[in-house]
Amino acid sequence: MLALINRFTCSNLNLNTRLLSWKMLNVDPRNQYKTEKDAFTEDKLVSRNPYKQFESWFDEACNHPDIVEPNAMVLATVKKNKRPTARMVLMKGFDEDGFRFYTNYRSNKASELEDNPYAALVFYWFELNRSVRVEGRVEKLSKEVSEEYFSRRPRPSQFAAHVSQHQSSPISSREVLNQRELELEKVYPDGEPVPKPDFWGGYFVKPDLIEFWQGHATRICDRIVFTRKANISDNFLKQGEDGWIYQRLEP
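Residues numbered from 1 in each chain as written. Predicted model: local features only at pLDDT ≥ 70, side-chain atom pairs only at ≥ 80, totals over all residues. Heavy atoms only, no water.

Naming follows an unreviewed UniProt entry, where the protein appears as pyridoxal 5'-phosphate synthase of Clavelina lepadiformis. On record in UniProt, under Sequence similarities (unreviewed entry), the comment for the protein is "Belongs to the pyridoxamine 5'-phosphate oxidase family." Of the comments in the UniProt record for the protein, the one headed Function (unreviewed entry) reads "Catalyzes the oxidation of either pyridoxine 5'-phosphate (PNP) or pyridoxamine 5'-phosphate (PMP) into pyridoxal 5'-phosphate (PLP)." (UniProt positions renumbered as here; feature names shortened; annotations may be inferred.)

As structure tokens, then:
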């Protein structure tokens, strides 16, 4: 009976769908991972502190000629209905206090972080066959820190922060945004400082987990995760630095 159902279903698919299915079954579109790098074993760690390890990998990504925005990262949050949601943002700094980014405080992500102040980040550098996952609690940066960063932004970016008054909310047309920009140019002509809007500022993600992944052509990839002991099993733990521990995970 199952075979008859499958044949009936397939016979009723339109041609485009059947062609797409054929391509998916017969062609593997994956790019093969490069093989220059050795396995990412524990002795290859530059530090037993994950922030220093991240700094090493991030520096390599910044210096790679083909990686345009090494600080691009996925930011995942959770809605009130417990459904996850994700978007791309730009990291604007990191230290042992966490990973910084800036956004509109009226945005969906800000509302979600208000209800549930935890988030996950993902960096992916295809050219290096590397990815870093971060999980942790999110807190707002101080007004002073946000203002200092805002003052260093390019002028068009400062205007853009003002123009998007209720980020993620519906708007009638692009013309509304253009008009807001024209009005701002009158209020703040060239040479006039543009103040930070009250509804815009920064956050930092304070990690309790940082995982380093490196791909291999064999698809037997390497994963080393740093975390706090309360969050993981005791299997194969190694002592890190500054309160961190780490272990290797199966790929």
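Caption draft 1: Broad picture of the packing of aromatic side chains. Counting across every chain of the model gives 22 aromatic pairs. When the ring of Phe99 is compared with that of Phe123, the centres are 6.1 Å apart and the planes differ by 50°; the resulting orientation is tilted. Taken together, the residues span a long stretch of sequence, with Phe99 in strand β4 (residues 98-104) and Phe123 in strand β5 (residues 118-125) at a distance of 24 residues. Judged by its relative accessible area of 0%, Phe123 falls in the buried class. With a centroid separation of 5.4 Å and 20° between ring planes, the pair formed by Phe101 and Tyr203 is classed as stacked. (Phe/Tyr/Trp six-rings, centres within 6.5 Å; stacked < 30°, edge-to-face > 60°. Helix = DSSP H or I, 4+ residues; strand = E, 2+ residues; numbered from the N terminus. Buried < 20%, exposed > 50% of the residue type's maximum accessible area, 1.4 Å probe, protein only.)

Caption draft 2: Here's a closer look at the packing of helix α6 (residues 155-163) against helix α7 (residues 174-187). Closest axis-to-axis distance for the α6/α7 pair is 10 Å, and the angle between their directions is 120°. Taken together, the axes of α6 and α7 are oblique relative to one another. Read as a crossing pair, α6 and α7 show a hand that is right-handed. The residues of α7 that touch α6, namely those facing Phe159, His162 and Val163, are Leu177, Arg180, Glu181, Leu184 and Glu185. (Axes fitted to C-alpha atoms, helices over the stretch in contact; angles between N-to-C directions. Parallel < 35°, antiparallel > 145°, perpendicular 65-115°, else oblique. Left-handed = near helix turned anticlockwise from the far one by under 90°. Contact = heavy atoms within 4.5 Å.)

Caption draft 3: The arrangement of the nonpolar core in detail. If you look at the biggest cluster of nonpolar residues, it comprises 32 residues, and the most contacted ones within it are Phe54, Phe99, Trp125 and Val132. When contributions to this core are tallied by element, the ones reaching two or more residues are α3 (50-63), β1 (72-78), β4, α4 (108-115), β5, β6 (130-140), β7 (200-214) and β8 (222-227). No other element matches α3, which puts five residues into this core. Not counting the four nearest positions on each side in its chain, Val132 is found in contact with Phe54, Trp57, Leu121, Val122, Phe123, Trp125, Ile210, Glu211 and Phe212. Counting 12 residues, the second largest nonpolar core, distinct from the first, contains Tyr102, Leu141, Phe159 and Ala161. (Core = buried A, V, L, I, M, F, W, Y, C linked by side-chain atoms within 4.5 Å.)

Caption draft 4: Focus on the side chain of Asn49. Positionally, Asn49 belongs in the loop between α2 (15-26) and α3. According to the relative accessible area criterion, Asn49 is buried, its value standing at 0%. A polar contact of 2.7 Å, which involves the side chain of Asn49, links it to the side chain of Asp242. If sequence neighbours within four positions are ignored, Asn49 has contacts with Glu96, Phe226, Glu241 and Asp242. (Polar contact = N/O pair within 3.5 Å; in protein donor to acceptor, adjacent residues only side chain to side chain.)

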